[in-house]
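Each chain, written out:
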Amino acid sequence: MTYCLAVNVNKGMVFASDSRTNAGVDYVASHSKMRTFIFPGDRSIYVLTSGSLATSQAVLNRIATDVEDKDAKFSLLTAKYLHEIADYVGELSQAYQMKHEAAMNKSRISAESSFIIGGQISGQQCGIFHVYPQGNYIKASAETPYIQIGESKYGKPILDRIIAPNTSLEDAARCALVSLDSTIRSNISVGPPIELAIHTSNDFSEPYHNTFTINSPMYKSLQKQWNEGLKRAFKRLPRFEWEKQSD
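Rules behind the numbers
- Residue numbering note: each chain is counted from 1, following its sequence as written.
- With pLDDT at 70 or above as the cut-off, local features in this predicted model cover only qualifying residues; side-chain atom pairs require 80 or more to be listed or tallied, and sums for whole chains, interfaces and linings still use all residues.
- To get the side-chain values, take all heavy atoms of the structure and skip hydrogens and water.
- In this text, helices come from DSSP runs of H or I with a minimum length of four residues, and strands from runs of E with a minimum of two, each type numbered from the N-terminal end.
- Put simply, the radius of gyration uses C-alpha atoms, and a globule should come to 2.2 Å times the residue count raised to 0.38.
- Burial here depends on accessible area, computed with a 1.4 Å probe over protein chains only, as a share of the maximum for the residue type. Under 20% is buried, over 50% is exposed, and the range in between is partly exposed.
- Contact definition: two residues touch when any of their heavy atoms are within 4.5 Å.
- Only the protein chains shown count as cover for residues, and the accessible areas themselves come from Shrake-Rupley with a 1.4 Å probe.
- Neither His nor the chain ends contribute to the count of charged residues, in which Lys and Arg are positive and Asp and Glu negative.
- Taken as the charge location is NZ of Lys, CZ of Arg, CG of Asp or CD of Glu.
- Any two strands with at least two DSSP-identified bridges between them are counted as paired.
- Residues grouped as a nonpolar core are buried Ala, Val, Leu, Ile, Met, Phe, Trp, Tyr and Cys residues, joined through side-chain atoms within 4.5 Å.
- Throughout this description, the term salt bridge denotes a Lys or Arg side-chain nitrogen within 4 Å of a carboxyl oxygen of Asp or Glu.

### Observations concerning the overall build of the protein
Line of reasoning, step 1. Helices and strands together make up the secondary structure of the protein, namely seven helices and 12 strands.
Line of reasoning, step 2. Relative to its length of 247 residues, the protein is compact, with a C-alpha radius of gyration of 20 Å against a globular reference of 18 Å.
Line of reasoning, step 3. Taken along its principal axes, the extent of the C-alpha atoms in the protein is 80 × 50 × 30 Å.
Line of reasoning, step 4. For the protein, the proportion of its 247 residues judged to be buried stands at 47%.
Line of reasoning, step 5. Within the protein, contacts between residues at least 6 apart in sequence are counted, and of these 62% link residues at least 24 apart.
Line of reasoning, step 6. Per element, the accessible surface of the protein, about 13,500 Å² overall, is 52% carbon and sulfur.
Line of reasoning, step 7. Separation between the mean location of the 26 positive side-chain charges and that of the 25 negative ones in the protein comes to 5 Å.

### Thoughts on the pairing of strand β6 (residues 43-51)
Line of reasoning, step 1. Buried residues dominate β6, accounting for eight of its nine residues.
Line of reasoning, step 2. Sheet topology note: the strand β5 (residues 34-39)/β6 ladder contains six bridges and is antiparallel. Note on β6: the bridge partner recorded for M34 is L48.
Line of reasoning, step 3. In textbook terms, the turn of a hairpin is the stretch between consecutive antiparallel strands, and for β5 and β6 this stretch comprises three residues, one of which, G41, has a positive phi near 80°.
Line of reasoning, step 4. Alignment of β6 against strand β7 (residues 113-121), held across nine bridges, turns out to be antiparallel. Counted as the bridge partner of Y46 is G118 from β7.

### Describing the nonpolar core
Line of reasoning, step 1. Core analysis: the biggest nonpolar cluster contains 26 residues, and L5, V7, V14, L159, I163 and L196 have the highest contact counts within it.
Line of reasoning, step 2. Mapped onto this core, the elements with two or more residues apiece are β1 (3-9), β2 (12-17), α4 (156-162), α5 (169-186), β11 (194-200) and α6 (217-235).
Line of reasoning, step 3. Setting aside residues up to four positions removed in sequence, L159 forms contacts with Y3, L5, Y146, Q148, C175 and S179.
Line of reasoning, step 4. V59, L60, I117 and I121 belong to the second largest nonpolar core, which has 23 residues in total.

### A closer look at unusual backbone geometry
Note on backbone geometry: most residues besides glycine have negative phi, and most peptide bonds are trans.
Line of reasoning, step 1. Residue P193 follows P192 across a cis peptide bond; omega there is 5°.
Line of reasoning, step 2. Mapped onto the elements of the fold, P193 is located in the loop between α5 and β11.
Line of reasoning, step 3. Despite not being glycine, R108 has its phi angle at roughly 55°, a positive value.
Line of reasoning, step 4. Mapped onto the elements, R108 comes out in the loop between α3 (101-106) and β7.

### Regarding the pattern of salt bridges
Line of reasoning, step 1. Inspection of the entire model under this criterion finds eight salt bridges.
Line of reasoning, step 2. For D160, the salt bridge goes to K156, with nearest N and O atoms at 2.7 Å. A residue pair is termed a helical-turn pair when its members lie 3 or 4 positions apart in one helix, as D160 and K156 do in helix α4 at four residues.

In short, shape yes, function no, at least from these values alone.
Written as structure tokens, this is what we have:
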């Protein structure tokens, strides 16, 4: 299991992901689940993955190869619109799943992967898409300007309460980190390091892209202040009638 999310606000986009790929009793493994493709001055594309690591890696390898191949029928560089890239990734995912379908079914192992595709092409708006294992996709709306894949339920409440189109990029990034941290606290299959990338609208240079470990000062401070803030807020909740009488 894993947890990745993307947020699309007026000023740009935030992408965040954990790095855990296995959480057995005596074996824990980590692998980056975020890939950035930056073409200065023209476009910035972000790919986040969950599900089968083998399928995800095969898709990412093909994406990178097609970018380098001038004879490729389609690539991130030739796409005119972001939704074309979402469709392309869906087709690649389906192709690699079908390639190994018989062997995977025999072993009773799923080859399914989900993807978040986000980015911006020069002259167009930012956009984020959820590409399903079946190859189809949806685009995030203004009403729900975020997308989650993987173990999403623990980190969803904070997004619903905080994220809106007019949320600042900095607040969206802090919210994404809290969402990841909430999930890590509740599910052992999600774990650090946490990757965070911030894309500012119409800026096609290298984005802010950082990795936070469990001991990173920023991450530790965020954990501490969020936990203490929740406890303070909880203690200020309204009293029941019988509590008021006993006072």
